[in-house]
Amino acid sequence: MIDFKKHPCFNKEAKGQYARVHLPVAPKCNISCNYCNRKFDCVNESRPGVTSNILSPEQSIIYLTALQKKMPQLSVVGIAGPGDPFANPEETMETLRQVRSNFPEMILCVSSNGLNIAPYINELATLKVSHVTITINSLDPKILEKVYRWVRYEKKGYFGLAGAELLLRKQLEAITKLKSAGITVKANAIVIPGINDTHLGALAKGLSELGVDLMNTIPLIPVEETPFSDLTEPGSAHMKEIRKEIGAFLPPMTHCSRCRADAAGLLGKDSTEAMELLTEAAKV
Ligand code: SF4
Ligand code: SF4
């Protein structure tokens, strides 16, 4: 029996008690966000850090088996990059299949930009993937065209407004389909001063109408060698205001720890022992 209350990211009460692990099986990405430097992990659910080890689905099972022995309170297995899970759908789906069959009690979670998740939603529901995060930064393509350099879909590149419109359409389709499949959906939005920060209330309103369950606003980290490197990171007062604004429409997530694509442990307390096990598994 999967106990969904044990998800530390979605249930505050579970935060200090249950651990989650991200399996870094998805190195490629299908979009280019202006806040992303691919030398770092995906900011979908990450803070900048050193490049992760990449695991194959088989190595993931070896890693999880070793990790569970050290971390019996492990309740959630997520896939969040370091690229996008559905820019690497074979690796992502095979990993989820193998985890579900070897660890039937685990809560499964994925985090994506939403561009290419739709074809996989039926199987995600069959595999009892219960929690999905979609990073969506606005409902206005004119804002979104400032956020993305390119979008690659079905082997074709899209730029400017065309890329922004395509990505948004696919994200909205994905959210609708995920909700029809009974999956809990969290929206992530990166707060980018001067770009989308005055539109996040409207975004929360639109997402609540689509049935999104909660929203996590993540302050931009201006990363070197990106088009947004000169922007200023929004301060805590600004973030508080934004969370209040979105809180009128959706429960804001207040205890997110911006986890790396290879995070493991209690939220905010990543385990160094897990990193060693991950490195070992990557050598097998
Ligand atoms: Fe899922 Fe995000 Fe929590 Fe990872 S950090 S387990 S992807 S909600
Ligand atoms: Fe980077 Fe993630 Fe954006 Fe892809 S979706 S470009 S990995 S931040």
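Our structure's up above, just so we're on the same page.
Per chain, the residues get numbers from 1 upward, laid out in the order the sequence is written. Chain letters and ligand numbers both follow the written order, the letters beginning at A and the numbers at 1. A pLDDT threshold of at least 70 governs which residues receive local features in this predicted model, and a stricter bar of 80 or more applies before side-chain atom pairs are shown or counted, although totals over entire chains, interfaces and linings include all residues.

1. Things to note about the nonpolar core
Considering soluble globular proteins, one finds that nonpolar side chains tend to be buried as a cluster. So the rule is basically this: Buried Ala, Val, Leu, Ile, Met, Phe, Trp, Tyr and Cys residues whose C-beta atoms connect them within 7 Å together make up a nonpolar core. Once C-beta atoms are placed from the backbone, each residue is buried if 20 or more other C-beta atoms lie within 10 Å of its own, exposed if 12 or fewer, and partly exposed for counts between those two. The helix count covers DSSP runs of H or I at least four residues long, the strand count covers runs of E at least two residues long, and both are numbered beginning at the N terminus. Note on contacts: residues are paired as contacts if their backbone-placed C-beta atoms lie within 7 Å.
Counting 78 residues, the largest nonpolar core has Leu 67, Leu 167 and Met 215 as its most contacted members. Top contributing element to this core by residue count: helix α5 (residues 160-180), with seven residues. Discounting chain neighbours no more than four positions away, the residues touching Leu 167 are Ile 31, Leu 115, Leu 144, Tyr 148 and Val 151.

2. Quick notes on the site of ligand 1
For clarity, the threshold we go by: Note on definitions: a residue is near a molecule or strand provided its C-beta atom, placed from the backbone, lies within 6 Å of it. Amino acid classes used here: Ala, Val, Leu, Ile, Met, Phe, Trp, Tyr, Cys and Pro are nonpolar; Asp, Glu, Lys and Arg are charged; the rest, including Gly, are polar.
Taken together, twelve residues are adjacent to ligand 1, and Cys 9, Arg 20, Gly 78, Cys 109 and Ser 111 come closest. Of the residues that constitute the shell around ligand 1, the class distribution is five nonpolar, five polar and two charged.

3. Observations regarding the packing of helix α1 (residues 57-70) against helix α2 (residues 89-102)
To characterise two packed helices, one gives the angle between the axes of the helices and the distance between these axes. Using the following cut-off: In this analysis, axes come from line fits to C-alpha atoms, helices being fitted only over the stretch in contact, and the angle between any two N-to-C directions falls in the range 0 to 180 degrees. Each helix crossing is assigned a hand: it is left-handed if the near helix lies turned anticlockwise from the far helix by less than a right angle, otherwise right-handed if that turn is clockwise.
At a minimum axis separation of 9 Å, α1 and α2 run at an interaxial angle of 35°. Considering how the two elements wind past one another, α1 and α2 form a crossing that is right-handed. Residues Pro 57, Ser 60, Ile 61 and Leu 64 of α1 pack against Glu 91, Glu 94, Thr 95, Gln 98, Val 99 and Asn 102 of α2. Looking at side-chain class alone, the contact of α1 with α2 contains four nonpolar, four polar and two charged residues.

4. Brief notes about α5
The cut-off we apply is this: In a helix, the anticipated span is given by 1.5 Å times the number of residues less one.
Between its terminal C-alpha atoms α5 stretches 31 Å, which fits the 30 Å expected from 21 residues at 1.5 Å a residue. Within the sequence span of α5, burial applies to Gly 163, Ala 164, Leu 166, Leu 167, Leu 168, Gln 171, Ala 174, Ile 175 and Leu 178. Once α5 finishes, Gly 182 follows within two positions and takes phi at roughly 80°, a positive value.

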